[in-house]
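# Residue-level structural notes
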Amino acid sequence: MNAVTWDQRERIVALLAEASADASVRCVVITATGRGFCAGADLRGSPSVGDQVAGDVARMIRRGAQRFVAAVMDCEKPVIAAVNGTAAGIGAHLAFACDLVLAAESARFVEVFARRGLVPDGGGAYLLPRLVGPQRAKELMFFGDALPAAEAAAMGLVNRVVPAADLEKTARAWAERLAQGPTRALALTKQLVNASLDVDRATAFAAEAVAQELNMTTRDAQEGVASFVERREARYEGR
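Let me sum up the structure you'll find in this document. Fair warning: this is a prediction, and the values are worked out from it, not measured in the lab. (Residues numbered from 1 in each chain as written. Predicted model: local features only at pLDDT ≥ 70, side-chain atom pairs only at ≥ 80, totals over all residues. Heavy atoms only, no water.)

### Points about the sheet that holds strand β2 (residues 36-38)
With respect to topology, four strands assemble into an open sheet ordered β2-β4-β6-β7, the strand pairing being mixed. With one partner strand each, in any of the chains shown, β2 and β7 (146-148) form the two edges of the open sheet. Going across the sheet, the axis of each strand differs from the next one's by a mean of 20°, ignoring polarity. Pairing analysis gives two bridges linking β2 to strand β4 (residues 86-88), with the strands arranged parallel. Across the sheet, Gly36 pairs through a bridge with Thr86, a residue of β4. (Pairing = 2+ DSSP bridges. Helix = DSSP H or I, 4+ residues; strand = E, 2+ residues; numbered from the N terminus. Axes fitted to C-alpha atoms, helices over the stretch in contact; angles between N-to-C directions.)

### What about the environment of Ala114?
Following the sequence through the fold, Ala114 ends up in the loop between β6 (108-110) and α4 (124-132). Expressed as a C-alpha distance, the spacing of Ala114 and Asn194, which sit 80 residues apart in the sequence, is 27 Å. In contact with Ala114, other than residues within four places in its own chain, are Met141 and Phe142. (Contact = heavy atoms within 4.5 Å.)

### Some words on helix α5 (residues 134-143)
Of all the residues in α5, the buried ones are Ala137, Leu140 and Met141. Buried residues of α5 fall within an arc of 90° about the axis and therefore sit on the same side. Along α5, the residues that are exposed and aim more than 90 degrees away from the buried face are Gln135, Phe142 and Phe143. Elements in contact with the buried residues of α5: α4, β7 and α6 (149-155). Positive backbone phi, approximately 70°, marks Gly144, located one or two places after α5. (Buried < 20%, exposed > 50% of the residue type's maximum accessible area, 1.4 Å probe, protein only. Arc of directions from axis to C-beta.)

### Quick look at the side chain of Lys190
The residue Lys190 is located in helix α8 (residues 183-196) in this model. Looking at Lys190, its side chain comes within polar contact range of the side chain of Asp99, at 3.0 Å. (Polar contact = N/O pair within 3.5 Å; in protein donor to acceptor, adjacent residues only side chain to side chain.)

### Remarks on the pairing of strand β5 (residues 100-104)
Where burial is concerned, most of β5 is hidden: four out of the five residues are buried. Bridging between strand β3 (residues 79-83) and β5 involves four bridges; their strand directions are parallel. Considered in β5, the bridge of Ile80 is made with Leu100. In the sheet, β5 pairs with strand β8 (residues 160-162) via three bridges, with the strands oriented parallel. Bridged to Leu102 within β8 is Arg160.

### Observations concerning unusual backbone geometry
Despite not being glycine, Asn2 has its phi angle at roughly 60°, a positive value. Mapped onto the secondary structure, Asn2 falls in the segment before α1 (6-21). With a phi close to 55°, Arg231 is a non-glycine residue in the positive phi region. Note that Arg231 resides in the segment after α10 (219-229). Exposure remark for Arg231: the relative accessible area of 79% places this residue in the exposed category.

### A few points about a nonpolar patch on the surface
A contiguous nonpolar patch, built from Met216, Val225, Phe228 and Val229 and spanning about 450 Å² of accessible area, is present on the exposed surface. Relative to the helices and strands, Val225 resides in helix α10. (Patch = residues over 30% accessible without salt bridge, like charges linked within 9 Å, V, L, I, M, F, W, Y side chains within 5 Å. Areas by Shrake-Rupley, 256 points an atom, 1.4 Å probe, with all protein chains shown as cover. Salt bridge = Lys/Arg side-chain N within 4 Å of Asp/Glu carboxyl O.)

What follows is the structure in structure tokens.
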């Protein structure tokens, strides 16, 4: 069920950082093989409570689950989640951190933490209220019931639900469309939207103005304006 180990987390964090720095990468898709998308953190081998001192768990969360989710949100390329099955715990938060979420009809999302006597980590208490509001977020987190893909879409947690057989094809089509877009403009747009709920209007407006200033120095912005004036399809390079 693709429970995440420390090594797997580190590899995905590194891949996302590489994607940000590689101009040839224009979009990222996160998906999985098998029945599940991600069953959460692999808790086998975790130290017992008696082996820990104050501060150990907080440090582990900061370096692990929070860094993992932040890597998705901070990636400078659009990130699509193609959720093929159960996404539980940190697996659900991994999907919710993505810019766009596609889900197979058989997919489901589970805020499993309370069922294990745990507090949601990996940014869950940050992400969910911003996506569905505090009351819905608390319902999902308090009860830990499995949320079918269709209900997740109705709540706004998922962009599109498709038959399982169409998930890969749809994810590829969306990725190819994004990969043909103005990559730097998309990165700046992502930053603005992600920050928008944490700042006041004046700060958001100032950030928007700076982002547009930066964006207008790119080749793609110049190509976008030129294609409009020349009444032709824009050909973006991602630069």
